[in-house]
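Spelled out from the first residue to the last, the chains are:
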Amino acid sequence: MAKDCSDIAGLTELYWEGDITKEQFGQWLNELPENCSPSRPAIQPHSIDRLISFYTTMLKRIENTPHLSKPSTLSLSQKLKEELNLVNSQPQWFSDLNRYTTDFHMANLQMELYELEIKALWLKYTSGQLEQQAIEDKLGVCIQYLRQVYMSGLMSGRRKNYVTHTYGLIEGVLRILAQLNTSESTNKLVLQAMEVSRLGELTVNNQFLSQGGAQARLLREVLKTIEKTELELTEVPDFDLHTKSMLRRTINTHRNKYYLIIDSGVKNLVGQEKIPLIREEGVVRITFFEGRDGIYQVVESQEKTDLVVHHKDRLKRLVSELFTKLTQAKNALTGGHEEFKELTAALNSLGAILIVPFKVSRYKQVYILSDGILNDLPFELLLNAENEYLIEKSNVTYGMSEASIHLVDRTVTYSIGQYHQAERRLKHVSRELQSWRGVSGLANNAFEFASSKESNVYHMGNHQLLDLNREPLLLKSDYDTLYRYALYNFKIIPQVMILSSCHSRAGWPVSGEGNKSFTSRSLEIGAQSVIGSLWNVDDKASQQLITSFIKYLKQGIPSDRSLKLAKIDYLAKADDFHKNPFFWSAYVQEGHIFRLNDNSTNRWFYYILVLVSSVAVLLVNLKVKVIIS
């Protein structure tokens, strides 16, 4: 129940966020005290005028486009008219809506109309009333509009109505492009659409947080408050409307601050291509987008670009079966031979759809940008036509990565979970840290991120859980936990994060941004590369993999190849039972490829340079003495 006049703004935002229905909104407004209206602050005509102008323009646009689908158009028109009447009749309820909420609401309706227009254009094209160029032009306009909305900071996986319409619009564009005659212009539109689908808040935040300075510190505090309040909101019972409205008001007030912080700089990002073109031989990038009806896969190499539409339910079923077979083979009590055969069949089925048609295993370097249910799938375990794991043929990296390899100095900070309960003790993680012996600055930070000293590699060994909402929890000790917002406390961001724990890459999926995990948060705050796990890893197998990975890193081998070699080493030494991909494929690298800088080589180079300089000075002095004599 609404309690007092202070609930008005929160109620309105709950309604526009889709947290409550129109009927609930009207009922609760009627339950507010009668003196609310006179005590309201002066109406702000600017906000209300924006809404009225928007609704009126949208209605005219529908009236002037006769080929739109009648049932859908009537539904949208009715919604616009009802909200226009609501704003006109009760402007006091909308007088202090913040900029974020207003723009967010208008973007929802705008995308709903765009989606209807795309469907109408497709009907005209298939009936021969429209040329392909005309529909390409309209698709280009839609993609540009979506880019502007995303880059204005409005994208958020937690806002279900906005995401629903975004999915619909991107999916509509891709479904049409998949059926048009392939050309250079359609390929360009495909890449632009997939690029826009990945321009969420993580991309925007990274642009600011990675720069450091006062603006980054302010942004971290705002984001931390938003996330903590959203967690509080999930704990509030549905009947406690007063608390919900106050928390929602706090969230949107801080989102408005967020909007204002990024608004000045984000305009420079609009129109810039974020996914670089593939220009090297032997490199392929595979990008996915999960829509409402299909899962769209774009395979891009130097030679060509392919767009494939997968049936969503079928692909989800195959992925689900694969994870079931992984677990069954791992839990088998009799060696797991039959279970392993079933697992191999599941790996072949998925490989035949996702990698075999494109001959992915012939590429030396594979970049994966996954989405939805595929966020939890390590592509390294898929089998090619020759029944080989992809990891045996290719280096595999996830997320965005530059072609150049980043050099990282060898300074390491670590944190280890301290557990007294026997079933939680990590018996092997200390061996991982022993692998760093010999590097400079090796120090224990004990999860005190705010006081972290400057180091280029941060290695964490601990337990991690997912709560009922799939929100990741890091266990510092048996009962001491940290949520993801704790990583906002980093003042000096490590270049590399090694998250040696269960589920460090797992969490609630956000379209285009992967899972809401400790891995994605590490990348968001500015880490260049993160090693994380996809499921509940085996302690001993994890130690063997990470130790071998560090060994190859210290030899100066690039990170993607180091992880590949570590997995191949594990397969070579494991018995038949432990060759199950459950044990070796959970760890993946996301972000840029890096290589540890060989400090010892640098020191020898310095010593040799000093020696050569000294000899040169000595020879010059001798020559001078000879001339004088």
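In this report, the structure presented in the accompanying data block is examined. (Residues numbered from 1 in each chain as written. Predicted model: local features only at pLDDT ≥ 70, side-chain atom pairs only at ≥ 80, totals over all residues. Heavy atoms only, no water.)

1. A closer look at the overall build of the chain
The test is simple: By definition, any uninterrupted DSSP run of H or I lasting at least four residues is a helix, any uninterrupted run of E lasting at least two residues is a strand, and each is numbered from the N terminus. The classification of residues rests on relative accessible area computed with a 1.4 Å probe and restricted to protein chains. Under 20% of the type maximum is buried, over 50% is exposed, and intermediate values are partly exposed. Accessible surface is estimated by sampling points in the Shrake-Rupley manner with a 1.4 Å probe; for residues, cover comes only from the protein chains shown.
Broken down by element type, the chain carries 20 helices and 18 strands. In the chain, which comprises 629 residues, the share counted as buried stands at 55%. Surface accessibility of the chain: about 28,100 Å² in total, with carbon and sulfur atoms responsible for 53%.

2. Details of the side chain of S529
Let me state the cut-off plainly: Contacts described as polar in this section are N or O atom pairs within 3.5 Å, which, within protein, must combine one atom able to donate a hydrogen with one able to accept it, while residues neighboring in sequence count only if both atoms come from side chains. It only takes one pair of heavy atoms within 4.5 Å for two residues to be counted as in contact.
Note that S529 resides in strand β16 (residues 529–533). Overall, the relative accessible area of 1% leaves S529 in the buried class. Here the side chain of S529 touches Q589 through a polar contact of 3.1 Å, side chain to side chain. Excluding anything up to four places from it in sequence, S529 contacts Q495, V496, M497, L523, Q589, E590, G591, H592 and F594.

3. Quick word on the packing of helix α17 (residues 539–554) against helix α18 (residues 559–573)
For clarity, the threshold we go by: Every axis in this analysis is a line fitted to C-alpha atoms, fitted for helices over the stretch in contact. Angles between the N-to-C directions lie between 0 and 180 degrees. Just so you know how the angles are binned, under 35 degrees is roughly parallel, over 145 roughly antiparallel, 65 to 115 roughly perpendicular, and the rest oblique. By definition, turning the near helix anticlockwise from the far helix through less than a right angle yields a left-handed crossing, and turning it clockwise yields a right-handed one. The nonpolar class holds Ala, Val, Leu, Ile, Met, Phe, Trp, Tyr, Cys and Pro. Asp, Glu, Lys and Arg form the charged class, and all remaining residues, Gly among them, are polar.
At a closest axis distance of 8 Å, the pairing of α17 and α18 adopts a crossing angle of 135°. By the angle between their directions, the pair α17 and α18 is classed as oblique. Remark: the crossing between α17 and α18 carries right-handed chirality. Residue-level inspection shows A541, Q544, L545, S548, F549, K551, Y552 and L553 of α17 in contact with α18, the latter providing S559, S562, L563, L565, A566, K567, D569 and Y570. Classifying every residue of the contact of α17 with α18 by side-chain character gives 9 nonpolar, 4 polar and 3 charged.

4. Re the sheet that holds strand β11 (residues 472–475)
This is how the line gets drawn: Two strands make a pair as long as DSSP finds a minimum of two bridges between them.
Taken together, 3 strands build an open sheet; the order of strands is β10-β11-β12 and the sheet is antiparallel. Strands at the two margins of the open sheet, each flanked by one partner only, are β10 (463–466) and β12 (481–482).

5. Details of the packing of aromatic side chains
Quick reminder of the rule: Each Phe, Tyr or Trp ring, with Trp reduced to its six-membered ring, pairs with another whose centre is within 6.5 Å; inter-plane angles below 30 degrees give stacked pairs, above 60 give edge-to-face pairs, and intermediate values give tilted ones. Geometrically, a lysine NZ or arginine CZ counts as sitting over a ring once it is within 6 Å of the ring centre and also within 35 degrees of the ring normal.
On inspection of all chains with the given rule, the structure shows 13 aromatic pairs. Where F289 meets Y296, the ring centres are 6.3 Å apart and the plane angle is 40°; that geometry is what we call tilted. Plain terms: the ring middles of F323 and W535 are 6.1 Å apart, the flat faces sit at 75° to each other, and that makes the pair edge-to-face. One end of the pair, F323, is in helix α13 (residues 312–331); the other, W535, is in the loop between β16 and α17, with 212 residues separating them in the sequence. W535 gets classed as buried once you look at its relative accessible area, which sits at 9%. Among the aromatic side chains, those forming a connected cluster through ring pairs are F323, W535, F577, F582 and F583. Over the aromatic face of Y398 sits the side chain of R505, whose NZ or CZ is 5.0 Å from the ring centroid. Residue placement shows K551 over the ring face of Y552; its charged tip is 4.5 Å from the ring centre.

6. Remarks on the nonpolar core
Note the following rule: Residues belong to a common nonpolar core when they are buried Ala, Val, Leu, Ile, Met, Phe, Trp, Tyr or Cys residues joined through side-chain atoms within 4.5 Å.
Formed by 69 residues in total, the largest nonpolar core has its most connected members in L322, L350, L354, F379, L381 and W436. Once residues within four sequence positions are removed from consideration, W436 is found in contact with V412, L442, V457, H459, I498, I550, L553, K554 and L596.

7. A short note on the environment of S500
Note on placement: S500 falls in strand β13 (residues 496–500). We classify S500 as buried; its relative accessible area is 6%. A sequence separation of 38 residues divides S500 from N462, and the C-alpha atoms of the two residues are 6.8 Å apart. Aside from chain neighbours lying at most four places away, what touches S500 is E432, H459, M460, G461, N462, S542, I546 and Y587.

8. Section: α17
Put simply, the test is: One less than the residue count of a helix, multiplied by 1.5 Å, gives the span that helix is expected to have.
Given a rise of 1.5 Å per residue, 16 residues ought to cover 22 Å, and the 22 Å separating the end C-alpha atoms of α17 matches this to within 8%. The complete set of buried residues in α17 reads A541, S542, Q543, L545, I546, S548, F549, I550, Y552 and L553. One side-chain oxygen of the residue at the start of α17 lies 3.3 Å from the amide nitrogen of K540, identifying that residue as D538. Remark: G556 follows α17 within two positions and exhibits a positive phi of approximately 90°.

9. Looking at the pattern of salt bridges
We apply this condition: Criterion for a salt bridge: a side-chain nitrogen of Lys or Arg within 4 Å of a carboxyl oxygen of Asp or Glu.
Taken as a whole and assessed by the stated rule, the structure comprises 20 salt bridges. The salt bridge involving R484 is made with E471; its shortest N-O contact spans 3.7 Å. Taken as a pair, R484 in the loop between β12 and β13 and E471 in the loop between β10 and β11 lie far apart in primary sequence, 13 residues in all. Of the residues examined, E471 reaches a relative accessible area of 7% and is grouped as buried. Each of E227, E471, R484, K516, R521 and E524 takes part in salt bridges that share partners, so that together they form one network.

10. Comments concerning unusual backbone geometry
Its identity is not glycine, yet K359 carries a phi of approximately 50°, on the positive side. If you trace the backbone, K359 turns up in the loop between α14 (337–354) and β4 (365–369). By relative accessible area, which is 56% here, K359 ends up exposed. The phi dihedral of N387 is positive, around 65°, even though this residue is not glycine.

11. A few points about the environment of H406
By secondary structure assignment, the location of H406 is in strand β6 (residues 406–408). Judged by its relative accessible area of 19%, H406 falls in the buried class. Sequence-distant contacts of H406, defined by excluding residues within four places in its chain, comprise Q528, H592, I593, F594 and R595.

12. Thoughts on the packing of α13 against α14
Axis separation between α13 and α14 bottoms out at 9 Å; the angle between their running directions is 150°. One element, α13, and the other, α14, form an angle in the roughly antiparallel class. Remark: the crossing between α13 and α14 carries left-handed chirality. Along the contact surface, α13 presents R314, L315, L318, V319, L322, K325, L326, Q328 and A329, while α14 presents E339, F340, E342, L343, A346, L347, S349, L350, I353 and L354.

13. What to know about helix α11 (residues 213–234)
Between its first and last C-alpha, α11 extends 32 Å over 22 residues, near the 32 Å set by a 1.5 Å rise per residue. A216, L219, R220, V222, L223, K224, I226, E227, T229, E230, L231 and L233 are the residues of α11 that are buried.

14. Overview of the side chain of D371
When you line up the elements, D371 lands in the loop between β4 and β5 (395–398). A distance of 2.8 Å separates a polar side-chain atom of D371 from the backbone nitrogen of E290. Leaving out residues up to four positions away in the same chain, D371 has contacts with F288, F289, E290, V510, S511 and G512.

Functional significance is not addressed by these values, which are geometric in nature.
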